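So you can see what is in the structure, the chains are spelled out below.
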Amino acid sequence: MEKEAGPGAAAMRLDDPWYEVPATAWGGTDGTGAVVPDGRSRPGEQRGHSAAEIYLEVQSSPAFREVRRRYRRFVVPAAIAFLLWYLAYVIAATTAHDLMARPVVGAVNVAMVAGLGQFLTTFLLTWAYARHARLHRDRAALDLRWETQEMTRGAGR
Amino acid sequence: MRGDHQTLALLLFSVFIAVTLGITTWVGRNRQGSAEEFYAGGRLFSPMENGFAIAGDYMSAASFLGISGLIALFGYDGMLYSVGFLVAWLVVLLLVAELVRNCGRFTLADVVAARMAEHPVRTAVGTSSVTVSVLYLVAQMVGAGSLVALLLGGTSDTARSWTVVGVGALMVIYVSLGGMRATTWIQIVKAVLLMSGAVALTVLVLVRFHGDVNALLTSAAERSGHGRDFLSPGLRYGGSWTARFDFISLGLALVLGTAGLPHILSRFYTVPTARAARRSVVWSIGLIGSFYLMTIVLGFGAAALVGSADVRASNASGNTAVPLLALVLGGGEGSTGGAVLFAVVAAIAFATILAVVAGITLASSASVAHDLYASFRRPGAKQRSEVGVARVAAAGIGVVAIALGLLAQNLNVAFLVGLAFAVAASANLPVLLYSLFWRNFTTRGAVWSVYGGLIPAVLLVLLSPVVSGSPTSLFPGVDLALFPLENPGLVSIPAGFLAGWIGTVTSPEPPDPAKHAETEVRSLTGAGAA
C-alpha cells in the first residue's frame, strides 16, 4: 500500500501533516502539481472535473477501496464482538446471579473476574486498534488525502 | 476540627478558582476572536494534552463521588457503572473519533449537515445537542450544590443555592472570556488533580491492607452487613424484573451515549488531524480506565474502612463515601492528617465540577451559535459575528442552567446523568452513525432519527416513575407513570435507529451518491479537513 513517495518523506508527513498543508508542495514528486503516474488506476486524471465527480472517482479507486476495506475488516468484527461481550456481561449480571457469585480464588468470584475482564479487553482492543491503524491505514490514507486535495484544489464546486 | 477542614477546603477552593481565572485571562490576553480559536482552541493541542482534557471532561464528580459511593453501599452493582462508562469509549475510538475529526468543523451537526439539506438537519441536531448538554449541566449543578453543602456542613438551602449560582457564574466567565483554549487548560489541570488525588487515596487504601486485595474485599463484605452477596451482582438491581430491565436500559444508554455527547465530540476538533484525535482517545482510555479501576478500590475501601452503615448515615445515596474514607485514611476524625485529606478531596471534587460544567457550556454555546442561530437568522438581519453570539449564548445557557439547577435541587444526580446519556444515545448517535456509514441515508431520515430518538426519550421520562406516581418521584401526588422504567434507553435508542431507517426508506428524494462519496472519502482520508 505504500505509495511512490520515499519512506523518509512519508514518515515526516505522518509526524506533522498539519504544517504541510500548502497542498501545492504535494502534487507529487515531479513538482508539476500533477498526480504522479505510477501505473495504477489514478483517480481523477483529467482536470476540469467538479468536486463531486472527483470524490466519486476517488471513492471508486482501488487505493481508496483498500483503505476502506482495511478499516471495515478491523472495525466491524471488533465492534460486534465487544458490544456482544458487554451485553452478555450486563445481562449475566442482572439475571444469572448464581453463576456470577461462584467463587474463583479467595474472595474473588466470577463476577469480579468478568468485570475486570471488561477492563482488560477494552485496553487490549484499544491497543490493537491503534496499532492496526498506524501500521495498515495511516500512510495510505494520508497519500490519498494529498492526492484528493490536489485534485479538488482547482475544481469548481 | 470541623471548622479546621472547612477553612482549609474553602482556601483550596479559592486557590483553584484563582488559578483557573488566571488561566482564563492569560489565554485570553491576545485573542483574535476567530471561530477556530473560540470553538476549537486553534486546533493545535497535542494528543496527550487533549487526552487529558477529554478525561477531564468525562470524569465528573458524579463518577468520582457517585460511583465509589454506590460501590460502598451496594458493592458489585456499583461497579457495573464503571464498566459501562469505560467500554463506551470503544464506540468512540472505533466508530466516531477519527471520522468526526475529518468531516466536521466545530459541532456534531457539521458532520451530518455536510451530506444533507443544511437547514432542517442543523436545526434538529442543534436542538438535541442543546437538550443533552442542558440535562448534563443541570446534573452537575445539582451535584455541585449538594456536594458543597454537605462538605462544608451548611446543609441549608441558601448555601446550596448560592453554590449553584456561583458555579454558573464562573463557568460563564471561563467560557465567554477564554473559549476552548482556556476550557481545555482547565480540564487538563483538573484531570491531573483528580488523577493524583485518586492515586494517593488508592495507594493509602492498599497500604492499609498491605497490598492484599483479598483482605480488602473480605473485610468490605464483612463490614457492609451483606456478607458474600456484597461481592456479587444483585443487591441494587437484582429484585424485580422491572429493576433488571431498568439496569439493562441504563447499561445500553451508558455504552452508546458517550459517542453522542456534544462536549466530547467537540474535543476532537482541538487537535490537528484524525491521527492525533485517535491518539488522544487512546490517552483518555488509559486515563479513564485506570481512574475507574481506582474508584472500585476506593468504593470497596470505603465499605471496609468506614462501613456501609456510616456511609449511608452521612448521605443516603453514598456521595460522601470518598471524603469520609479520606478522613479515616488521614488518621480519623480530629487528626490533622484527616482534616487535610478531607479538604483536599473536597477541593478536587469542586474543581471537577467546575471544569466539567465549563466544557459542557462551551459545547452547548457552540450548538446554539453555530447550528441554531445560523439556521434561524432572518436573511435581512444585521450580520453579527458568530463568536459574539456564542459568548452571549454561553451566558444565556448559564442562566437557564442556574434556574433549572435551583428547581431540580432534590433530583438524584446519577439519574440526571443517566438521562443525559440516554438522550444522547437515542437522538445523536443514530444520526451520526447513519451519516458516516449508510450510503442511502437522506435528509428526511436524518431529521426523523433525531426527533424519533429525542421525543420518545423525553416523553418516556415524563411518564416514568421518576416524575410521578411513586413516593420518591418529583410529583408524588400525581400518577401519570405509564412507563415502568426509570431510564428510557431500552425503548428510545432502538426508536431513534428505527425512525432514521423509516424516514430514509419513505423519503421522496433519492439519496445523493456524490455527497455520500464526499463524506466517505473525507472521513477515511482527511481530505479537505478543517
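Residues numbered from 1 in each chain as written. Chains lettered and ligands numbered in written order. Predicted model: local features only at pLDDT ≥ 70, side-chain atom pairs only at ≥ 80, totals over all residues.

What follows is about the overall build of chain B. Broken down by element type, chain B carries 20 helices and 0 strands. Taking 24 Å as the expected radius of gyration for a compact globule of 530 residues, we find that chain B reaches 23 Å, a close match to that expectation. Dimensions of chain B along its principal axes, counting C-alpha atoms only, are 70 × 55 × 45 Å. When burial is assessed residue by residue, chain B has 64% of its 530 residues classed as buried. (Helix = DSSP H or I, 4+ residues; strand = E, 2+ residues; numbered from the N terminus. Rg over C-alpha atoms; globule rule 2.2 N^0.38 Å. Buried ≥ 20, exposed ≤ 12 C-beta atoms within 10 Å, placed from the backbone.)

Looking now at the overall build of chain A. On a plain count of helices and strands, chain A comes out with 6 helices and 2 strands. Helices and strands in chain A line up, N terminus first, as α-α-α-α-β-β-α-α. Taking as baseline every contact in chain A between residues at least 6 positions apart, the subset at least 24 positions apart corresponds to 63%. (Contact = placed C-beta atoms within 7 Å.)

A general feature of soluble globular proteins is that nonpolar side chains tend to end up buried together. If you look at the biggest cluster of nonpolar residues, it comprises 213 residues, and the most contacted ones within it are Ala302(B), Leu325(B), Ala420(B) and Val423(B). Examining the composition of this core, we find that 25 residues originate from one element, helix H15 (residues 336-376) of chain B, more than from any other. Every residue in contact with Leu325(B), bar those within four places of it in the chain, is listed here: Leu201(B), Leu298(B), Gly301(B), Ala302(B), Leu305(B) and Val306(B). Residues Val58(A), Ala63(A), Phe64(A) and Leu142(A) belong to the second largest nonpolar core, which totals 17 residues. (Core = buried A, V, L, I, M, F, W, Y, C linked by C-beta atoms within 7 Å.)

Moving on: the interface of chain A and chain B. With 47 residues of chain A at the contact, the number on the chain B side is 44 residues. Examining the composition of the side of chain A that touches chain B, we find that 14 residues originate from one element, helix H3 (residues 62-95) of chain A, more than from any other. Looking at the side of chain A that touches chain B residue by residue, the class counts come to 31 nonpolar, 13 polar and 3 charged. (Nonpolar A, V, L, I, M, F, W, Y, C, P; charged D, E, K, R; others polar.)

Let us look at helix H2 (residues 51-60) of chain A. What H2(A) keeps buried is the set Ile54(A), Tyr55(A), Leu56(A), Glu57(A), Val58(A) and Gln59(A). Where the residues of H2(A) are buried, they touch H3 and helix H6 (138-153) of chain A together with helix H20 (513-525) of chain B.

So, about helix H4 (residues 61-74) of chain B. Residues that lie three or four places apart on an α-helix share one face, since the helix turns once every 3.6 residues. All names here are of chain B. Here H4 is 14 residues long and its end C-alpha atoms lie 19 Å apart, about the 20 Å a rise of 1.5 Å per residue gives. Within H4, 14 of the 14 residues are buried, leaving the element largely enclosed by the surrounding structure. Phi for Gly75, located one or two positions after H4, is positive at around 65 degrees. (Expected span 1.5 Å × (residues − 1).)

The next thing to look at is the packing of H3(A) against H20(B). Between H3(A) and H20(B), the least distance of the axes is 11 Å, while the angle of their chain directions is 70 degrees. One finds that H3(A) runs roughly perpendicular with respect to H20(B). H3(A) and H20(B) meet at a crossing whose hand is left-handed. Facing Phe64(A), Val67(A), Arg68(A) and Tyr71(A) of H3(A), the residues of H20(B) in contact are Val521(B), Leu524(B) and Thr525(B). (Axes fitted to C-alpha atoms, helices over the stretch in contact; angles between N-to-C directions. Parallel < 35°, antiparallel > 145°, perpendicular 65-115°, else oblique. Left-handed = near helix turned anticlockwise from the far one by under 90°.)

Residue and element names in this part refer to chain B. Phi is positive for Arg43, close to 60 degrees, though the residue is something other than glycine. With respect to the helices and strands, Arg43 occurs in the loop between helix H2 (35-40) and helix H3 (47-58). In this structure, His210 is a non-glycine residue whose phi angle is positive, near 55 degrees. Following the sequence through the fold, His210 ends up in the loop between helix H8 (157-208) and helix H9 (213-224). The class of His210 is exposed, set by 8 C-beta atoms lying within 10 Å.

Let us look at the environment of Gly489(B). Residue and element names in this part refer to chain B. Locating Gly489 in the fold gives a position in helix H19 (residues 489-505). Linking Gly489 and Gly418, residues 71 residues apart in sequence, is a C-alpha distance of 9.1 Å. Contacts of Gly489, omitting those with residues within four sequence positions, involve Ser249, Leu250, Leu252, Ala253, Ala422, Ala425 and Ser426.

Looking at chain B, pLDDT values average 86 and 95% of them are 70 or higher. Interface confidence in the predicted complex, given as ipTM, is 0.90; pTM for the same model is 0.87. (pLDDT = per-residue confidence, 0-100.)

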